Amino acid sequence: MRHKAKNPGNALLLVALIWLEPGNGSAQAVNYRAELRLAWQSYTNGNYSNSLAHYQWATQAAPQSLDAQLGCVLTLLSLGKYPEAETAARRILKSYPANYYANLRLAYALRMQKQFESAEMILSQSLALRPTDVPLLKELALVKMAIKQYARARQILLDVLTLAPDDTTAIELLTSLQLRQNPQDGLYVKSYAASPALLDPNNGTKISYESAIYYGYLEYHDTAVKDHADSIGIYAALLYGFNHLWEFETDYFNKFYRGFASLEQWDTTLAYANFSLPHVKLRAGGHLVSNSDPYTDQGWLAFGGAEYFVANCWAAGIDGYFTQYPKFQTQLEVAQLTPHLGITFGQSEHPIWNNDLRGYWIYVNSFGGRHHYFSVEDRLSLSWQHWTLATFGWVGQQLFAVRNDGFALYNLGEVHKAGVGAEVSYAFSPHFTITLRANHETFQDLAITPYASSDMYLAMLRFKF
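Okay, so let's go over this structure. (Residues numbered from 1 in each chain as written. Predicted model: local features only at pLDDT ≥ 70, side-chain atom pairs only at ≥ 80, totals over all residues. Heavy atoms only, no water.)

Re the nonpolar core
Now for step 1: Tyr32, Val73, Leu77, Leu157, Leu174 and Leu179 are the most contacted members of the largest nonpolar core, which totals 56 residues.
Now for step 2: Counting residues in hydrophobic clusters, the runner-up holds 18 residues, among them Leu301, Phe303, Leu399 and Val415. (Core = buried A, V, L, I, M, F, W, Y, C linked by side-chain atoms within 4.5 Å. Buried < 20%, exposed > 50% of the residue type's maximum accessible area, 1.4 Å probe, protein only.)

See the structure below:
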């Protein structure tokens, strides 16, 4: 049974070991590697006493082994033997004064013994070498909370979310009663992270800004007259504190036809999300279309939704959309419900897997003989260090659908049937990310081309401040 920490700070203990290369093949080296392996297996199974014994035997077999010594500190902390863990960590630091894990675990041991000043000194020295290290920042925030410097703790945790937006510990601490009921302590502290955060001097609230620009190319196959399309867009988001998020996006789309004039279209989307209720996200917004098509010009969309989430674990919710095209022959109206369920595996230093499942129900009041359309979509992503890889696909039928949480509105009379794609993102820094995406989709383009398809290629640059 997997051990669950009693408080968010204990998540710092779950640090993977770095194994040594095999030795000279001697019996002692074999025993050392075997004991080290058994120690880690016992630890991951929650058998800390047995894990400590194996780490101690590994230390006897290889007295200079840094892995075995660090493992002893780790298991002593898990057993609650903080004075012994402090002694073992200080012993390591005599030989390796800048060792990351020894300093981090020593700070944890000192905090648990209420030696907050000493813990803060150790963390400040380590952060001077690694100013954007997330575990060190989280441990420092816990120290600040312990000495009731809540504004400082809140600011550090907001810096953590700038570096790691999905970090479970930071999110749980920011939503804790301590930080909600004590938003400030009357003191101002310089940001430990290298982020240009804007702080309100009255309440310590942080304002974060994110923007993105993208270019997309769409190529059509087996259609009657459609050839290709270009699109470009700008996205901006403003996060005020931890409860208010505003999003804005404007897009320009130009579709080219064979033998006909091209279609030019502008899309504008504005959305607001509120996180004031613990574990609840409420969202609402609107989308406006302006184009050269006489039927769908001035089309508008209103949407809203609710989601219940447990950070870095799971989320479930439902979104509702209502679209109207007032210039259509019979004032076309479309209603859509999109329930979704997301599950996350892994966190912090380890690879993070996320699976998002969505369902679509679309009702069209007047377009052809059919009114109801159903489909299902799934997206699987893997995040590891600077990389995020994703694959996605859907199947069913969609007409005048809304996707991408209200930002993508399909306002042409195409019955879409299935799609598949992949995406890769690389974060050059906490402030700059590039994303490349490709997907293939099949659809019915009027009755004369029932098996049309399209390929889309997109490049996006994202900035965070």
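What follows picks up the thread again.
Overview of the packing of helix α5 (residues 100-112) against helix α6 (residues 116-129)
Now for step 1: Remark: α5 packs on α6, axes separated minimally by 8 Å, with the N-to-C direction vectors making an angle of 160°. When the interaxial angle is binned, α5 and α6 end up roughly antiparallel. In the crossing of α5 with α6, the sense of the turn from one axis to the other is left-handed. Counted together, Asn103, Leu106, Ala107, Leu110 and Arg111 of α5 and Phe116, Ser118, Ala119, Ile122, Leu123 and Ser126 of α6 form the full contact between these two elements. (Axes fitted to C-alpha atoms, helices over the stretch in contact; angles between N-to-C directions. Helix = DSSP H or I, 4+ residues; strand = E, 2+ residues; numbered from the N terminus. Parallel < 35°, antiparallel > 145°, perpendicular 65-115°, else oblique. Left-handed = near helix turned anticlockwise from the far one by under 90°. Contact = heavy atoms within 4.5 Å.)

A few points about unusual backbone geometry
Now for step 1: Notably, Gln385 is not glycine yet its phi reads approximately 55°, a positive angle.
Now for step 2: Of note, Gln385 is situated in the loop between β11 (372-384) and β12 (387-398).
Now for step 3: On the basis of relative accessibility, which here comes to 66%, the residue Gln385 falls in the exposed class.
Now for step 4: Even without a glycine there, the phi angle at Asp405 is positive, about 60°.
Now for step 5: Position of Asp405 relative to the elements: it lies in the loop between β13 (402-403) and β14 (408-409).

Structural notes on the environment of Asp167
Now for step 1: Examined against the element boundaries, Asp167 turns out to sit in the loop between α8 (150-163) and α9 (168-174).
Now for step 2: Among the residues examined, Asp167 registers a relative accessible area of 8% and is labelled buried.
Now for step 3: Considered as a pair, Asp167 and Val134 are 33 residues apart in the sequence and their alpha carbons are 9.0 Å apart.
Now for step 4: Beyond its immediate chain neighbours, meaning those up to four positions away, Asp167 contacts Val134, Lys138, Val160, Leu161 and Asn312.
Now for step 5: For Asp167, the side chain forms a polar contact with the side chain of Lys138, separated by 3.1 Å.
Now for step 6: Within the local environment of Asp167, its side chain forms a polar contact with the backbone nitrogen of Ala170, the two atoms lying 3.0 Å apart. (Polar contact = N/O pair within 3.5 Å; in protein donor to acceptor, adjacent residues only side chain to side chain.)

Some details on a nonpolar patch on the surface
Now for step 1: Taken together, the side chains of Tyr308, Trp314, Leu341, Ile343, Phe345, Trp353, Leu357, Val376, Leu380 and Val395 present a nonpolar region at the surface, about 880 Å² in accessible area.
Now for step 2: For the nonpolar patch, the secondary structure elements donating two or more residues are β9 (332-345), β10 (352-364) and β11.
Now for step 3: If you tally residues by element for the nonpolar patch, the top one is β9, at 3 residues.
Now for step 4: Residue placement: Leu357 occurs in strand β10.
Now for step 5: Owing to a relative accessible area of 39%, Leu357 belongs among the partly exposed residues under this scheme. (Patch = residues over 30% accessible without salt bridge, like charges linked within 9 Å, V, L, I, M, F, W, Y side chains within 5 Å. Areas by Shrake-Rupley, 256 points an atom, 1.4 Å probe, with all protein chains shown as cover. Salt bridge = Lys/Arg side-chain N within 4 Å of Asp/Glu carboxyl O.)

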